Amino acid sequence: MSKIKIAVLCSGGGTNFQAILNAQEAGLIPHGEISLVVSDGRQAYVLTRAARYGIEHVAVDRREVRDRAERERRILSELKARDIGLVVLAGFMTVLSESFVKEFPERMINVHPALIPSFCGVGMYGLHVHEAALARGVKVTGATVHYVTEECDGGPIIAQRAVEVKEGDTPEILQKRVMREAEWIILPEAVEAVCKKLSNSTEEIK
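Residues numbered from 1 in each chain as written. Predicted model: local features only at pLDDT ≥ 70, side-chain atom pairs only at ≥ 80, totals over all residues. Heavy atoms only, no water.

Asker: Sorry, what's going on with the sheet that holds strand β3 (residues 57-59) here?
Answerer: The strands making up a sheet associate through hydrogen bonds between their backbones, and the pairing can be parallel or antiparallel. The 7 strands lie next to each other as β3-β2-β1-β4-β5-β6-β7, forming an open sheet whose pairing is mixed. A strand with exactly one partner marks an edge of an open sheet, and here the two such strands are β3 and β7 (157-164). Neighbour-to-neighbour, the strand axes of this sheet turn through a mean angle of 20°, independent of strand direction. Across 4 bridges, the pairing between strand β1 (residues 4-9) and strand β4 (residues 86-89) is parallel. Looking at β4, one finds that V8 is bridged to V88. (Pairing = 2+ DSSP bridges. Helix = DSSP H or I, 4+ residues; strand = E, 2+ residues; numbered from the N terminus. Axes fitted to C-alpha atoms, helices over the stretch in contact; angles between N-to-C directions.)

Asker: I tried to follow the packing of helix α1 (residues 15-25) against helix α2 (residues 45-52) on my own but got confused; where do I start?
Answerer: Packed helices, taken two at a time, are described by the angle between their axes plus the distance between the axes. Across the interface, α1 lies against α2 with an axial gap of 9 Å and an inter-helix angle of 20°. When the axes of α1 and α2 are compared, the pair comes out roughly parallel. Regarding α1 and α2, the two cross each other, and that crossing is right-handed. Where α1 approaches α2, its residues T15, F17 and Q18 are matched on the opposing element by V46, R49 and A50. A per-class count over the contact of α1 with α2 returns 3 nonpolar, 2 polar and 1 charged. (Parallel < 35°, antiparallel > 145°, perpendicular 65-115°, else oblique. Left-handed = near helix turned anticlockwise from the far one by under 90°. Contact = heavy atoms within 4.5 Å. Nonpolar A, V, L, I, M, F, W, Y, C, P; charged D, E, K, R; others polar.)

Asker: Explanation requested: helix α5 (residues 127-136) in the structure shown.
Answerer: Residues that lie three or four places apart on an α-helix share one face, since the helix turns once every 3.6 residues. The set of residues buried in α5 consists of V129, H130, A132 and A133. Mapping the buried residues of α5 onto a view down its axis gives an arc of 160°, with all of them on the same face. Positive backbone phi, at 80°, marks G137, one or two positions downstream of α5. (Buried < 20%, exposed > 50% of the residue type's maximum accessible area, 1.4 Å probe, protein only. Arc of directions from axis to C-beta.)

Asker: Looking at this structure, I do not really get the pattern of salt bridges. What am I missing?
Answerer: Pairing is possible between side chains of opposite charge, provided their charged atoms come close. Taken as a whole, this structure holds 11 salt bridges when the rule is applied. With its nearest N and O atoms 3.5 Å apart, the salt bridge here joins D40 to R62. Taken together, the residues D40 in the loop between β2 (32-39) and α2 and R62 in the loop between β3 and α3 (68-81) connect sequence positions 22 residues apart. You can call R62 partly exposed: its relative accessible area is 37%. The residue R68 makes a salt bridge to E72 at a minimum N-O spacing of 4.0 Å. Of this pair, R68 and E72 both sit in helix α3, 4 residues apart, which is roughly one turn of the helix. For E72, a relative accessible area of 7% puts it in the buried group. (Salt bridge = Lys/Arg side-chain N within 4 Å of Asp/Glu carboxyl O.)

Next up, the structure:
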């Protein structure tokens, strides 16, 4: 069985990348394998994580390549050169264009730190999501993994997991709890589920 080649796109520290990698090393992603890490910042710590494990990594820095279309062209070139089968957005801060997304129909997924359709859409990322949840006074939040489509956070949902909001939570505390109790659990599970689906589809074509 040939494994689906996975690219993880990340702008920051790479904790979700680490969660996927940990699951892979534990044998929990038998149908896929991380082949590439791409960041839009040359100083992103996720690149250090990738290097530590001998995983190919590329930076297409937003400050160096200011034109979004050119950045996307370079990223797409890196993905195609490695025959990437699944793209995972794990805290990638660059909004991808419709033309880029269409290159990976049902082969690009994203993790969002809320229970979609709550607290999602344009401008809802990082701590902004948790600030909004606390401001609204919700008692339960969580995380969602969904397919990426042209509509921001609007693709079909693959997995969700709820997390309790506790009295005294700050956005930072809530963010860490959502990562630990939801994102780091459902993202690796979703990666395997999609890789298995893609692998089975490939076998059927053969």
